[in-house]
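Now for the letters of each chain:
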Amino acid sequence: MTLQWYFARRFAVSFLSMLLIFAGLIWMTDMVESLRSLASEDFGLREAAGLALLRLPGTIYEVIPLIMVLATITLFLKMARTSELIVTRAAGRSAIRSLIAPVLVAALIGGIGISVVNPIVAATSRIADETRDTVRGRATNVLSLSGNGLWLRQAAPDGQIVIHAAGVSPGGTALYDVTFMKFDQNALPQQRIAAARAELVPGAWDMTGVKTWDLSGRANPEASAVEQAWMRLPSDLTLNQIRDSFGEPSAIPIWQLPAFIAQLEAAGFAALNHRVWLQSELASPVFLISMVLIGAAFTMRHTRFGRTGLMVLFAVLLGFAMYFLKSFALVLGETGKIPVLIAAWFPPLAGICLALALLLHQEDG
């Protein structure tokens, strides 16, 4: 156990050191990019530093697998130079057993990433996106989901319109049992429109089974209500704008993601992207383990064997290849080309099998 604690402590220190180096470089690069793209009288160095700090957890979270590979390479290169690996093997400890502690640390880091870092990334990324939209003068989300239906918001010439629908067509272009509430610039209600169905066409909503109430006067709205078979209401919304309002799956904390998927599907929208992301997050500890094994497979050798630089290059390239394979599999899963579970779990399991094969070959020849 003493030796395992030693390996675990050394690996944790190596990972934290690499993490701090990457965090500093990413923060400075993002700050400079924010200054370049968002520079204005109200957005200076202080605001750029704050925005880069908000975006930092999300960027770091994406590159943790690559940091894990580099941390593993750094650890075992140091131990190879000091002959610690040779002493460990001379004591009867195989390479596979020596990797138990680093693998457990990687799994622990992955678990912390899912349970703690993921919600933090979701919150900071959402705040950062809202800040960027505010600086650029863009409108934020126009859509939200709740247990009682779908809510939309669109601009109007003299205010805004809030839309509520009980159901949505599979394509997302038609709303059912829908209500439009018009508000003026002082947020006072002006008109209420209820329709059995509203279809989004270029530049407007085409509604059928319509009933309209005038809320701007003092008269009884029901007494002056008007019923129509068909009505068209101008709109600047598009289908892509509605779909983009859901945001990235990474902007939703993993603990809320299953409920959000259920609401999304109940509203009539496809939730394949979110399902793939959820399974990918659950598989992330296994993927980090595969990165540790890949880094160790090429560097758990004494430096006197030579070709150390070549082995490091192979480890880095294979780590990037597994990262690319994971991204490619997720794209295939999001487009429905392969099942969700295969898209999320095949790359990490394949990486573990490949790394173990290399390690066993080195052990037994």
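Owing to the predicted nature of the structure, the values given are computational and were not obtained by experimental measurement.

A. Just the overall build of the chain, in detail. Tallying secondary structure elements over the chain gives 11 helices and 7 strands in all. Every one of the 365 residues in the chain was classed for burial, and the buried ones make up 44%. Contacts in the chain between residues at least 24 apart in sequence constitute 61% of all its contacts with a sequence separation of at least 6.

B. Structural detail: unusual backbone geometry. Within the chain, aspartate 177 stands out as a residue other than glycine whose phi angle is a positive 50°. Position of aspartate 177 among the secondary structure elements: in strand S4 (residues 174–184). Unusually for a residue other than glycine, alanine 187 sits at a positive phi of about 65°. With respect to the helices and strands, alanine 187 occurs in the loop between S4 and strand S5 (189–201). The exposure class of alanine 187 is exposed, given its relative accessible area of 54%.

C. Spotlight on the nonpolar core. In terms of nonpolar packing, the biggest core is built from 50 residues, with Met68, Phe76 and Leu293 touching the most fellow members. Secondary structure elements with two or more residues in this core: helix H1 (2–38), helix H2 (45–81), helix H5 (100–136), helix H9 (284–299), helix H10 (308–334) and helix H11 (340–364). When residues in this core are grouped by element, the largest group, 15 residues, is from H2. Those residues within four positions of methionine 68 in sequence are excluded, and the remaining contacts are Phe11, Phe15, Ala106, Ile109, Leu288, Met291 and Val292. Val168, Ile193, Ala198 and Met207 belong to the second-largest nonpolar core, a separate cluster that totals 20 residues.

D. Region of the structure containing a nonpolar patch on the surface. There is a patch of nonpolar side chains on the surface, built from Leu108, Ile112, Val116 and Ile120 and spanning about 350 Å² of accessible area. Here valine 116 shows up in helix H5.

E. Here's a closer look at the environment of phenylalanine 298. Within the element layout of this structure, phenylalanine 298 appears in helix H9. In the structure, phenylalanine 298 is positioned 15 residues away from leucine 313 in sequence and 9.1 Å away in space, judged by C-alpha atoms. The contact partners of phenylalanine 298, leaving out residues within four places of it in the chain, are Met311, Phe314, Ala315, Leu318, Leu358 and Gln362.

Cut-off values and rules
Residues numbered from 1 in each chain as written. Predicted model: local features only at pLDDT ≥ 70, side-chain atom pairs only at ≥ 80, totals over all residues. Heavy atoms only, no water. Helix = DSSP H or I, 4+ residues; strand = E, 2+ residues; numbered from the N terminus. Buried < 20%, exposed > 50% of the residue type's maximum accessible area, 1.4 Å probe, protein only. Contact = heavy atoms within 4.5 Å. Core = buried A, V, L, I, M, F, W, Y, C linked by side-chain atoms within 4.5 Å. Patch = residues over 30% accessible without salt bridge, like charges linked within 9 Å, V, L, I, M, F, W, Y side chains within 5 Å. Areas by Shrake-Rupley, 256 points an atom, 1.4 Å probe, with all protein chains shown as cover. Salt bridge = Lys/Arg side-chain N within 4 Å of Asp/Glu carboxyl O.

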